[in-house]
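# Observations on the model geometry
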Amino acid sequence: MRSQLAENKAEILAVLDPSPPPLIVVCADCRYFNPDEINPADGIGSCAAGRDGLHYPRMKRDCDGFQISRVALDQLASELSTDPDAFAAAVWADGIYTHPL
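Structure report, in brief. Everything quoted here is computed from the prediction, not taken from an experiment.

### What about a nonpolar patch on the surface?
- A surface patch of nonpolar side chains, about 330 Å² in accessible area, is lined by Ile44, Leu54, Tyr56 and Met59.
- By the element assignment, Ile44 lies in the loop between β2 (33–34) and β3 (46–47).
- Using a relative accessible area of 38% as the deciding quantity, one classes Ile44 as partly exposed.

This is the structure in structure tokens:
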């Protein structure tokens, strides 16, 4: 039995602790997003974190460098009818937001 477990360790661990799904976000909600100067609402912006690709404000994408902006955090708190400062502190404490507000 032990040898079978050892042989199949990788497969067993993959079932018990699967990889997290990709983080699907929009650039406009990221603290690193720089909107287009001519058309901030819809134009191609840039990424201060140096991520490649097109950075349309509302285009969904998988990004491991995403850091939620304070504006997006406040909007989410509003949608949840929660105090923005308390919500931001809780999110930061849980490691969802990795930079001090």
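### Thoughts on the pattern of salt bridges
- Under the criterion given, the structure shown has three salt bridges.
- Taking the shortest distance from any N to any O, the salt bridge between Asp29 and Arg58 comes out at 3.5 Å. Note that Asp29 is positioned in the loop between β1 (24–26) and β2 and Arg58 in the loop between β3 and β4 (60–62), a separation of 29 residues in sequence.
- Two residues, Arg51 and Asp64, come together in a salt bridge whose shortest N-O distance is 3.3 Å. One end of the pair, Arg51, is in the loop between β3 and β4; the other, Asp64, is in the loop between β4 and α3 (70–79), with 13 residues separating them in the sequence.
- For Arg51, a relative accessible area of 33% gives the class partly exposed.

Calculation criteria
Residues numbered from 1 in each chain as written. Predicted model: local features only at pLDDT ≥ 70, side-chain atom pairs only at ≥ 80, totals over all residues. Heavy atoms only, no water. Patch = residues over 30% accessible without salt bridge, like charges linked within 9 Å, V, L, I, M, F, W, Y side chains within 5 Å. Areas by Shrake-Rupley, 256 points an atom, 1.4 Å probe, with all protein chains shown as cover. Salt bridge = Lys/Arg side-chain N within 4 Å of Asp/Glu carboxyl O. Helix = DSSP H or I, 4+ residues; strand = E, 2+ residues; numbered from the N terminus. Buried < 20%, exposed > 50% of the residue type's maximum accessible area, 1.4 Å probe, protein only.

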